[in-house]
Amino acid sequence: MIARTAIRRGLRLVALALAIVVALIGLLAGALRLQFTGAPAAWAKSTGNDALWLGHAWVDGRRTEADVERLAVRLRATGIKDLYVHSGPFEKDGRLDPAKYPSARNFVQWVRERLPGVRVSAWLGQKVDGLLDLDDATSRENVLAGAAAIMQTGFDGIHYDFEPIGDGDRNFLDLLEKTRLHTRLLSISTPQIEPYPLMRLPARAIIGHDKYWSSGYFQQAADRVDQIAIMTYDSFTPAQSLYGGYVARQATLALDLVPETKLVLVGAPAYHDHGVGWSDSAESVAMAAQGAKLALTDHGRRERFGLALYVDFTATEEDWREYTTEWFS
């Protein structure tokens, strides 16, 4: 009898916990859907400060000058001003092997000849959850040496993408500060900002690392760079309207946190293999653009704000059409 009573009490507690989880998910979905309401202003669109992540083939010799010419033809009809070309990754001790980017100098020169005014940054990073240890001072010094060396090939800047960087990581901030000695243009890819209070820790418990940065830490990182690109894809939202609302929320937070002297970029998913079935249909360049436009409308005009397309080698003609019709034109 006592055992059955204990079981019933346990089942009631489980049911209550599930009901609370379902209610919270419902509240979150409602909040995101609300973010995706209203009409964007006619002026809320590209200001010519957009970006594109490029794959490694552009600097390892696989892409030719003719390929750059074709790329230039496409980009001349866009608002893309920054290119982040994958030139790493760093080794597990932080070293950057020059053999990874033998054609970097040629690529930068070809872009400058065909796209004057477009900046090219070396996209560098590594996994830091068991491979590269950025808490190790020697590894950070090696990273800095690699950044300094690659800048000698003519790049305009450094674009870091270390994943996952935990909220509050002081060594990462230290790396950003010291990288300033080697480049005038510094940009980073970041995790998403904690959308609503009390979401960061449960998400961390589920996936084993920080999915979100707190607003305070995001602001500290932004203070140390010139451009900050939020990876607003892989949101796990199951519907287009929820993803659009999610992007709007991320962009709204970033616009409020980052000074107008710095460029805020909203990552737009120009790829179609999210690993979660519903994300392939929910997340798109079009929805990212719509979310960004709604956030910009609420915030007010801002010059240094744009979309960053990820990534050139998976982008389809439909992705480019959505960028053009939903954001640029």
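Residues numbered from 1 in each chain as written. Predicted model: local features only at pLDDT ≥ 70, side-chain atom pairs only at ≥ 80, totals over all residues. Heavy atoms only, no water.

(A) Main features of helix 7 (residues 215-223). Those residues of helix 7 not exposed but buried are Tyr217, Phe218, Ala221 and Ala222. The buried residues of helix 7 occupy an angular sector of 140° when projected down its axis, which confines them to one face. Check the buried side of helix 7 and you find it contacts helix 5 (170-179), strand 5 (185-190), strand 6 (192-193), strand 7 (212-213), strand 8 (227-230) and helix 8 (240-257). (Buried < 20%, exposed > 50% of the residue type's maximum accessible area, 1.4 Å probe, protein only. Helix = DSSP H or I, 4+ residues; strand = E, 2+ residues; numbered from the N terminus. Arc of directions from axis to C-beta. Contact = heavy atoms within 4.5 Å.)

(B) Focus on the sheet that holds strand 9 (residues 263-269). If you walk around this closed barrel you meet the eight strands as 1-2-3-4-5-8-9-10, and the pairing is parallel. Strand after strand, the sheet turns through a mean of 25° between neighbouring axes, direction not considered. Summarising the sheet, strand 3 (residues 119-127) and strand 4 (residues 157-163) pair through seven bridges and their orientation is parallel. What sits directly across from Lys127, in strand 4, is Glu163. In the packing of helix 4 (residues 137-151) onto the sheet, the strands contacted are strand 3 and strand 4, and the crossing angle to strand 4 comes to about 145°. (Pairing = 2+ DSSP bridges. Axes fitted to C-alpha atoms, helices over the stretch in contact; angles between N-to-C directions.)

(C) Summary view of the pattern of salt bridges. For the structure on display, the rule yields 19 salt bridges. When the shortest N-O distance is used, the salt bridge between Glu317 and Arg74 registers 2.6 Å. Of this pair, Glu317 sits in helix 11 (residues 317-328) while Arg74 sits in helix 2 (residues 65-75), placing them 243 residues apart in sequence. Residue classification places Glu317 among the exposed positions, given a relative accessible area of 54%. Note that Asp210 is salt-bridged to Arg204, the shortest N-O span being 3.0 Å. What you see here is one network of salt bridges that share partners, running through Glu65, Glu69, Arg76, Glu113 and Arg114. (Salt bridge = Lys/Arg side-chain N within 4 Å of Asp/Glu carboxyl O.)

(D) Main features of the packing of helix 10 (residues 285-299) against helix 11. Viewed as axis vectors pointing N to C, helix 10 and helix 11 meet at an angle of 20°, and their least axial separation amounts to 8 Å. Viewed along their axes, helix 10 and helix 11 adopt a mutual orientation that is roughly parallel. Once helix 10 is placed against helix 11, the crossing between them reads as right-handed. Residue-level inspection shows Val285, Ala286, Ala289, Gln290, Ala292 and Lys293 of helix 10 in contact with helix 11, the latter providing Asp319, Glu322, Tyr323, Glu326 and Trp327. (Parallel < 35°, antiparallel > 145°, perpendicular 65-115°, else oblique. Left-handed = near helix turned anticlockwise from the far one by under 90°.)

(E) The nonpolar core, seen in detail. In terms of nonpolar packing, the biggest core is built from 92 residues, with Phe155, Tyr160 and Phe162 touching the most fellow members. The dominant element in this core, judged by the number of residues it contributes, is helix 10, at eight residues. Filtering out sequence-adjacent residues up to four positions away, Phe162 remains in contact with Phe90, Gly125, Gln126, Val128, Leu132, Leu134, Val143, Phe172 and Leu175. (Core = buried A, V, L, I, M, F, W, Y, C linked by side-chain atoms within 4.5 Å.)

(F) Just the pairing of strand 9, in detail. For strand 9, the buried fraction is high: seven of the seven residues fall into the buried class. Burial along strand 9 is two-sided: the residues Leu263, Leu265, Gly267 and Pro269 and Val264, Val266 and Ala268 are all buried. Two elements, strand 8 and strand 9, share four bridges in a ladder whose sense is parallel. Bridge pairing in strand 9 places Ile228 opposite Val264. Examined bridge by bridge, strand 9 and strand 10 (residues 305-310) share six bridges and lie parallel to one another. Opposite Gly267, over in strand 10, you have Ala308 as the bridge partner.

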